[in-house]
Amino acid sequence: MTFVVTDNCIKCKYTDCVEVCPVDCFYEGPNFLVIHPDECIDCALCEPECPANAIYSEDEVPADQQNFLELNAELSEVWPNITEKKDALPDADDWDGVEGKIEQLER
Ligand code: SF4
Ligand code: F3S
């Protein structure tokens with residue numbers, strides 16, 4: 001089992017999640033974070049920390065966001081590790097809750 005970062009993280013990237021992860025399995029892209037599925041120990045600590053409610057257990061990812069399982073696996077292999085909280089993206093509060101931000105994903 002793994003936890004998965006989904007659409008509402010895009011263009012927000014609050015990074016509260018990375019501070020609580022005991023195994024440092026978050027990876028950072030320009031405007032999105034992902035979890036490495038082989039490193040996550042399923043502790044669930046990160047889920048309630050995300051102000052954007054973007055993190056789900058693998059078996060609770062909404063039906064219309066199933067593509068994020070593959071996306072987390074793929075991008076965590078190429079993006080650098082992030083272990084410390086940093087400032088959210090400048091317009092994070094404006095983008096929080098906007099649907100379909102996958103179109104805004106920068107790789
Ligand atoms: Fe890290 Fe635990 Fe969240 Fe997995 S569930 S990403 S191990 S904090
Ligand atoms: Fe993204 Fe939420 Fe972490 S917005 S960076 S998953 S705290």
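In what follows, the structure referred to is the one given above.
Residues numbered from 1 in each chain as written. Chains lettered and ligands numbered in written order. Predicted model: local features only at pLDDT ≥ 70, side-chain atom pairs only at ≥ 80, totals over all residues. Heavy atoms only, no water.

J.: What exactly am I supposed to notice about helix H2 (residues 67–75) here?
T.: Helical geometry: 3.6 residues make up each α-helical turn, so side chains three or four residues apart lie on a common side. Turning to H2, its buried residues are Phe68, Leu71, Asn72 and Leu75. Down the axis of H2, the buried set is contained in an arc of 100°. They therefore lie on one face. Among the structural elements, strand S1 (3–5) and strand S3 (33–35) are those in contact with the buried residues of H2. (Buried < 20%, exposed > 50% of the residue type's maximum accessible area, 1.4 Å probe, protein only. Helix = DSSP H or I, 4+ residues; strand = E, 2+ residues; numbered from the N terminus. Arc of directions from axis to C-beta. Contact = heavy atoms within 4.5 Å.)

J.: What exactly am I supposed to notice about the packing of aromatic side chains here?
T.: Per the counting criterion, the structure on display carries 2 aromatic pairs. On the basis of an interplanar angle of 70° and a centroid distance of 5.9 Å, the ring pair of Phe32 and Phe68 is categorised as edge-to-face. With Phe32 in the loop between strand S2 (26–28) and S3 and Phe68 in helix H2, this pair connects stretches of sequence that are 36 residues apart. One exposure class covers both Phe32 and Phe68, and it is buried. Plain terms: the ring middles of Phe32 and Trp79 are 6.4 Å apart, the flat faces sit at 80° to each other, and that makes the pair edge-to-face. One end of the pair, Phe32, is in the loop between S2 and S3; the other, Trp79, is in the loop between H2 and helix H3 (92–95), and 47 residues separate them in sequence. The buried category is assigned to Phe32, whose relative accessible area is 0%. Residue Trp79 is classed as buried on the basis of its relative accessible area of 10%. (Phe/Tyr/Trp six-rings, centres within 6.5 Å; stacked < 30°, edge-to-face > 60°.)

J.: Can you help me understand the site of ligand 2 in this one?
T.: Around ligand 2 lies a shell formed by Val5, Cys9, Lys13, Tyr14, Thr15, Asp16, Cys17, Leu33, Cys50, Pro51 and Ile55. Per-class residue counts for the shell around ligand 2 are 8 nonpolar, 1 polar and 2 charged. (Near = heavy atom within 4 Å. Nonpolar A, V, L, I, M, F, W, Y, C, P; charged D, E, K, R; others polar.)

J.: What is the right way to look at the side chain of Asn72 in this model?
T.: Within the secondary structure, Asn72 is located in helix H2. Those residues in contact with Asn72 that sit more than four places away from it in its chain are Val4, Val5, Phe32, Val34, Ile35 and Pro37.

J.: What should I look at first to understand the pattern of salt bridges in this one?
T.: Opposite charge on two side chains permits pairing when their charged atoms draw close. This structure, assessed with the given rule, holds 4 salt bridges. Note that Asp16 is salt-bridged to Lys85, the shortest N-O span being 3.5 Å. Residue Asp16 is located in helix H1 (residues 16–20), and its partner Lys85 is located in the loop between H2 and H3; the two are separated by 69 residues in the primary sequence. Assessed through its relative accessible area of 22%, Asp16 is described here as partly exposed. Where salt bridges share partners, they join Lys13, Glu28 and Lys86 into one cluster. (Salt bridge = Lys/Arg side-chain N within 4 Å of Asp/Glu carboxyl O.)

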